[in-house]
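Here is how the chains run, residue by residue.
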Amino acid sequence: MIRFIFVLLISFQVSSQSAYSTNLNFTSESKTQKDKEKKVSILENINESTSRFTRNKYSCIIGKSQSDRPIEADDKELQDINFAFAYLDDDNALDLIQGYDKEPKNEFNITEPLDYKVFLSSKKQFSPRIKTLLARKILVQDFNNDGRDDVFFIAAGNHKPPRKGLKNTILISKKIGYDYSTVSGGSRISHGGAAGDFDQDGDVDVIVANGQQKTVQLLINKGNGEFKAKMFIDSWKHDRKDNYYTAEVWDLDEDGHLDIVLGTPELGLSFFWGKPSNADNPKFSSIQRFSPDIFKDRLPLDMAFADFDGDGNVEMAIIDTRIFDKRYRGWGITLVDFNKSRNPKAVPIYDDDPKQNFHWHGWIDACDVDGDGDIDLSSQMMGNNGLKKYPYVGKIEWINNLNNWNQKIINRAELNKLTNKITNHQKQDKNLNQRKEISNKAINRNMSPNKDTSNMNLCKTALLKSGYDWNTKKPQWVQEAQKRGFSVKDCNCNKSKYCS
């Protein structure tokens, strides 16, 4: 009997151990499977962690729905380079942040940060104040993992020598509203930068290229939008001609790891290929230079990524400008094809040479602008772009037609005609008409002591919405005013600064 009980206990223990072991194996396999699925998910969406992905997405929204582009974007006091779109409130419409045209001009000798303009689609006032100077790159991503847009300002500081640089800043979301503060890394003359989850730990990190100072920094996200700065390329590692002014990140070779591409005048591009990394410790390959002949007199300005030729692989489109013989002269568009490898090939696809200097543009985005299924290129022209060849341009598109590329210039007046077909602007027109009716009733009853001013403001709003540049000659102003039911007398054009 005792022996039977002993054997029974042994059997029960073995059975229990077997069951426990099986349970462990099941748990281990389940955890491993979940880890694999999570890793696959991360790899598939790694490009979505980049600021480039966000900017491209928002720019394409603006391109297709011009109602999201506020009329203030065409203010000539504002800059055509220093701007970004983001969702800053809860109305599901894009908002605009924009700097000033005078920032990069030495004659103004601005040395202290300025209050950047924030145009909320709701027309409400935004706080806190954003104070920065020459924010050549503004990155939009979710840096604190709360599902809302945050904004990282990469600033060059004062433009007129001696240049002292400036600390970079971040607009970070909180439960209600935003906080605005400086980030680690010191005062730098920062020019280029990009954001992405370099170490695949779920936090969005930042790379900053300090061109003139010949350094490149990595800012590692601690998970809450605070960063730890480390040097990625120190000054002594730069070659004599290395001045990295441009930086972007994308999975170029499509191996599941974000890669870094840096652009420098005259030399072209430098690649750093992403490698498997531990949390808060991203790793990259050593430098791989790429210097095709096309870049020998060019400065790479911006990159966009998409499958432009329909082969299923990613290509990089680059907009550049000439740096010799009338510097900043025009722009070229070049496609760099990786074919899922690390041996890229460059093919120029468009060149616009106006034969005059300081005629250039710094941004490019990949959008299907004509709806034919091919990925085209697009660029929003904001503020005072100073393009003598295209003085009233509102958008430039490069149309991809079976790899034959054509440039399309769209003036701001034409953009606003498209805008008027959009629901949001129809609502604004309705409000405008209501205001006009109220004003006219008041005028008819002689109840308004400032009837000229009232009508002038209504007329000004209508004219600005029409898309005509404020330097346009008077007859076109008059014609547009009459279309909207205003007379020249109503618009008070002889007295108003809004009419030429």
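Residues numbered from 1 in each chain as written. Predicted model: local features only at pLDDT ≥ 70, side-chain atom pairs only at ≥ 80, totals over all residues. Heavy atoms only, no water.

**Q** I'd like to hear about the overall build of the protein, residue by residue, with values.
**A** Of regular secondary structure, the protein possesses seven helices and 27 strands. The 500 residues of the protein split such that 50% are buried. In the protein, once contacts between residues fewer than 6 apart in sequence are set aside, the share between residues at least 24 apart is 53%. When the accessible surface of the protein is split by element, carbon and sulfur atoms take 50% of a total near 24500 Å². (Helix = DSSP H or I, 4+ residues; strand = E, 2+ residues; numbered from the N terminus. Buried < 20%, exposed > 50% of the residue type's maximum accessible area, 1.4 Å probe, protein only. Contact = heavy atoms within 4.5 Å. Areas by Shrake-Rupley, 256 points an atom, 1.4 Å probe, with all protein chains shown as cover.)

**Q** So what about the state of the cysteines? Which residues, and what values?
**A** Under the defined criterion, the tally for this structure stands at one disulfide. Across a sulfur-sulfur distance of 1.9 Å, cysteine 60 and cysteine 367 are joined as a disulfide pair. Measuring handedness by torsion sign, the sulfur bridge of cysteine 60 and cysteine 367 sits at about -85° and is left-handed. Of this pair, cysteine 60 sits in helix α2 (residues 51–64) while cysteine 367 sits in strand β24 (residues 365–367), placing them 307 residues apart in sequence. In this structure, cysteine 60 and cysteine 367 share a single accessibility class: buried. (Disulfide = S-S within 2.5 Å.)

**Q** Any chance you could break down α2 for me, citing the residues and the numbers?
**A** Here α2 contains 14 residues, and its C-alpha end-to-end distance of 20 Å stays within 8% of the 20 Å for a straight helix at 1.5 Å per residue. Three or more residues of α2 are buried, namely Ser51, Arg52, Thr54, Arg55, Asn56, Tyr58, Ser59, Cys60 and Ile62. (Expected span 1.5 Å × (residues − 1).)

**Q** Kindly report on the sheet that holds strand β21 (residues 315–322), identifying the contributing residues and their values.
**A** The strand order across the open sheet built from four strands is β20-β21-β22-β23, with neighbouring strands paired in antiparallel fashion. Each having just a single partner strand, β20 (298–306) and β23 (345–352) make up the two edges of the open sheet. If you compare each strand with its neighbour and ignore which way they point, the axes differ by 25° on average. Relative to β21, β20 runs antiparallel, the two being bridged by eight bridges. Among the inter-strand pairings, alanine 306 is bridged to a residue of β21, identified as glutamate 315. (Pairing = 2+ DSSP bridges. Axes fitted to C-alpha atoms, helices over the stretch in contact; angles between N-to-C directions.)

**Q** Quick one: what's the story with the environment of asparagine 411, residue by residue and with numbers?
**A** With respect to the helices and strands, asparagine 411 occurs in strand β27 (residues 404–411). When residues no more than four places from it in sequence are discounted, the contact partners of asparagine 411 are Tyr392, Val393 and Gly394.

**Q** Describe in detail the sheet that holds β27, supporting the description with residues and values.
**A** Spatially, the four strands line up as an open sheet ordered β24-β25-β26-β27, and their pairing is antiparallel. Where the open sheet ends on each side, the last strands, each with one partner, are β24 and β27. The mean inter-strand angle of the sheet, taken between neighbouring strand axes irrespective of direction, is 25°. Strand direction decides the pairing type here: strand β26 (residues 393–401) and β27, joined by eight bridges, are antiparallel. Pairing of isoleucine 396 across the sheet is with isoleucine 409, part of β27. Against the sheet, α2 contacts β24, β25 (376–380) and β26, and its axis sits at roughly 55° relative to β24.

**Q** Mind laying out the packing of aromatic side chains, listing which residues take part and the relevant values?
**A** Counting across every chain of the model gives 19 aromatic pairs. Relative to phenylalanine 284, the ring of phenylalanine 232 lies with its centre 5.6 Å away and its plane at 85°, an arrangement referred to as edge-to-face. With phenylalanine 232 in strand β13 (residues 227–233) and phenylalanine 284 in strand β18 (residues 281–284), this pair connects stretches of sequence that are 52 residues apart. Each member of the pair, phenylalanine 232 together with phenylalanine 284, is buried. Taken together, the ring pairs connect Phe198, Phe232, Phe272 and Phe284 into an aromatic cluster. Taking the ring centre of tyrosine 100 as reference, the NZ or CZ of lysine 102 above it sits at 5.9 Å. Between arginine 136 and the ring centre of tryptophan 363, over which it is positioned, the NZ or CZ distance is 4.9 Å. (Phe/Tyr/Trp six-rings, centres within 6.5 Å; stacked < 30°, edge-to-face > 60°. Lys NZ or Arg CZ within 6 Å of the ring centre and 35° of its normal.)

**Q** Describe the layout of surface pockets, listing the residues and the values that go with them.
**A** Unoccupied space between atoms shows up once a probe the size of one water molecule is rolled over them. The calculated volume of the second largest pocket comes to roughly 950 Å³. If you tally residues by element for the lining of the second largest pocket, the top one is strand β1 (residues 78–86), at four residues. Counted by class, the lining of the second largest pocket contains 13 nonpolar, nine polar and six charged residues. (1 Å grid on protein atoms, 1.4 Å probe; cavity = no way out; pocket = protein on both sides within 12 Å on 5 of 7 lines; lining within 4 Å. Points joined across faces, edges and corners; volume = space filled by probe spheres on them. Nonpolar A, V, L, I, M, F, W, Y, C, P; charged D, E, K, R; others polar.)

**Q** I'd love a proper account of the side chain of aspartate 368, names of residues and values included.
**A** Within the element layout of this structure, aspartate 368 appears in the loop between β24 and β25. A polar side-chain atom of aspartate 368 sits 3.3 Å from the main-chain amide nitrogen of aspartate 372. Residues contacting aspartate 368, with those up to four places away along its chain left out, are Lys64, Gly373, Asp374, Ile375 and Asp376. (Polar contact = N/O pair within 3.5 Å; in protein donor to acceptor, adjacent residues only side chain to side chain.)

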